[in-house]
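# Observations on the three-dimensional arrangement
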Amino acid sequence: MRFEFQHLGTTTPFELPEGHHLLGGGPDDHIRLEALPPHLLTLRIEGPRLMVEATRTFTVNGVLVPPGVSRLVLPGEVLGLPDTMLLSVLPEAPVERGLGTVAVLKGLLTGLEAPAPSRAATLTCLTGLDVGRTHALAESRTKLGRGQEATLRLRDRAVSRSHACVLHDEGGFTLEDLGSPNGVFVNGQRVTEPVPLADGDVLELGRTLLRFQAPLEELAPAPEPTPEPVPPAAPASAEGIVEGPTSGGGGAVATGPSEARLTARRVLPEWWLIGLGSVAALAGLLVTYVLATG
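Residues numbered from 1 in each chain as written. Predicted model: local features only at pLDDT ≥ 70, side-chain atom pairs only at ≥ 80, totals over all residues. Heavy atoms only, no water.

## Considering the overall build of the protein
Each helix and strand in the protein was counted, giving 2 helices and 24 strands. Relative to its full complement of 294 residues, the protein shows a buried share of 34%. For the protein, the share of sequence-separated contacts (at least 6 apart) that also reach a separation of at least 24 residues comes to 36%. When the accessible surface of the protein is totalled, it reaches about 18200 Å², and 57% of it is carbon and sulfur. (Helix = DSSP H or I, 4+ residues; strand = E, 2+ residues; numbered from the N terminus. Buried < 20%, exposed > 50% of the residue type's maximum accessible area, 1.4 Å probe, protein only. Contact = heavy atoms within 4.5 Å. Areas by Shrake-Rupley, 256 points an atom, 1.4 Å probe, with all protein chains shown as cover.)

## Remarks on the sheet that holds strand 8 (residues 63-65)
Sheet architecture is open: 6 strands sit in the order 2-1-11-10-7-8, paired in antiparallel fashion. On the outer flanks of this sheet lie strand 2 (10-15) and strand 8, each paired with one strand and no other. The mean inter-strand angle of the sheet, taken between neighbouring strand axes irrespective of direction, is 25 degrees. Sheet analysis places strand 10 (residues 78-81) next to strand 11 (residues 85-89), joined by 4 bridges and oriented antiparallel. Within strand 11, the position partnered with Gly-80 by the bridge is Leu-86. (Pairing = 2+ DSSP bridges. Axes fitted to C-alpha atoms, helices over the stretch in contact; angles between N-to-C directions.)

## As for the sheet that holds strand 18 (residues 184-186)
Two modes of strand pairing occur in sheets, parallel and antiparallel, and in both the strands are linked by backbone hydrogen bonds. Strand order in this open sheet of 6 strands is 13-12-22-21-18-19, and the pairing throughout is antiparallel. Two strands close off the open sheet at either side, each with one partner strand: strand 13 (134-136) and strand 19 (189-190).

## Remarks on the side chain of Asp-29
The topology assignment puts Asp-29 in the loop between strand 3 (19-24) and strand 4 (31-32). Buried within the structure, Asp-29 lacks any salt-bridge partner; its nearest side chain of opposite charge belongs to Arg-32, at an N-O separation of 6.7 Å. A polar side-chain atom of Asp-29 sits 3.5 Å from the main-chain amide nitrogen of Gly-24. In this structure the side chain of Asp-29 is engaged in a polar contact, spanning 2.7 Å, whose partner is the side chain of His-39. Leave out the neighbours within four places in its chain, and Asp-29 touches Leu-22, Leu-23, Gly-24, Pro-37, Pro-38 and His-39. (Lys, Arg positive; Asp, Glu negative; His and termini not counted. Salt bridge = Lys/Arg side-chain N within 4 Å of Asp/Glu carboxyl O. Polar contact = N/O pair within 3.5 Å; in protein donor to acceptor, adjacent residues only side chain to side chain.)

## Focus: the packing of aromatic side chains
Under the criterion given, the structure shown has 2 aromatic pairs. Ring centres of Phe-3 and Phe-14 lie 5.3 Å apart, and the angle between their planes is 15 degrees; on these two criteria the pair is classed as stacked. Of this pair, Phe-3 sits in strand 1 (residues 2-7) while Phe-14 is found in strand 2, placing the two residues 11 residues apart along the sequence. Each of the two residues, Phe-3 as well as Phe-14, counts as buried. (Phe/Tyr/Trp six-rings, centres within 6.5 Å; stacked < 30°, edge-to-face > 60°.)

## Some details on the pattern of salt bridges
Summed over the entire model, instances satisfying the criterion amount to 5 salt bridges. Taking the shortest distance from any N to any O, the salt bridge between Glu-77 and Arg-71 comes out at 3.2 Å. Judged on exposure class, the residue Glu-77 and its partner Arg-71 are both buried. The shortest N-O distance in the salt bridge between Arg-155 and Asp-130 comes to 3.0 Å.

## Thoughts on the pairing of strand 22 (residues 208-213)
Extensive coverage of strand 22 is indicated by the burial of 6 of its 6 residues. Side chains Thr-208, Leu-210 and Phe-212 of strand 22 all project onto a buried face; the interleaved residues Leu-209, Arg-211 and Gln-213 project onto the opposite face, where all are buried too. Pairing of strand 12 (residues 122-125) with strand 22 involves 4 bridges; the strand directions are antiparallel. Across the sheet, residue Cys-125 finds its bridge partner in strand 22, namely Leu-210. Alignment of strand 21 (residues 202-205) against strand 22, held across 4 bridges, turns out to be antiparallel. Its bridge partner lying in strand 22, Leu-205 is registered against Thr-208.

Structural data, given as structure tokens:
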């Protein structure tokens, strides 16, 4: 898995294999960065999945994570560390939205090689006992809580039995607090009235963090091209077609019936005159031969 550490305008890239790694500024840390406190972060890499736990409060995309809480971190997210230091988790490859980001996310969490595409919005648990769990928001009203009446039940004692609700209508998705004592937070801001949800928002209920994934938008089908009208062909008359060579090199020449009869009338007298001239020439030669021999 690839990372980038940023501090004082300097970027340090590095890679880590699968397993547990300590990251900090101490001599015993596996990844030693002088600017960090010793043993600051514990990184657990299991295939494409990364769990991060810290000895101090840190942030993921601006959302606070308390010490000792193991948090699922997705590719592309940025960890905020002490003294304005940043640790970025680099994606292995760009993900096409047309495949379905929800399906790709499920593949990252479960290790499936060929996840099925999904067009439903989802909530993915990032911390706690339900980490990695993904719930599709297929109903118009999804209740979040610890009680049996909740649509999405969370195994978190800091979550109320009926904690919050996600509403879905034509305008999109909205989050509402159902009067929970610990409150509901979206991207670190407490919800005091129903707020709309955007793709990538992080919901905080008790000690549980949930990432909202917007539904995949369906592309409108392209309009089919309208075929151009074909003009009707003019009817051909068999009587007006004369087969024979043309001046351009051969083919059929279309003529009218009267023109064909006139052409035939002109051809007959011309051949008669040629034949008569030939007979007269032969007769002249014969008379000349008789006179010369006699």
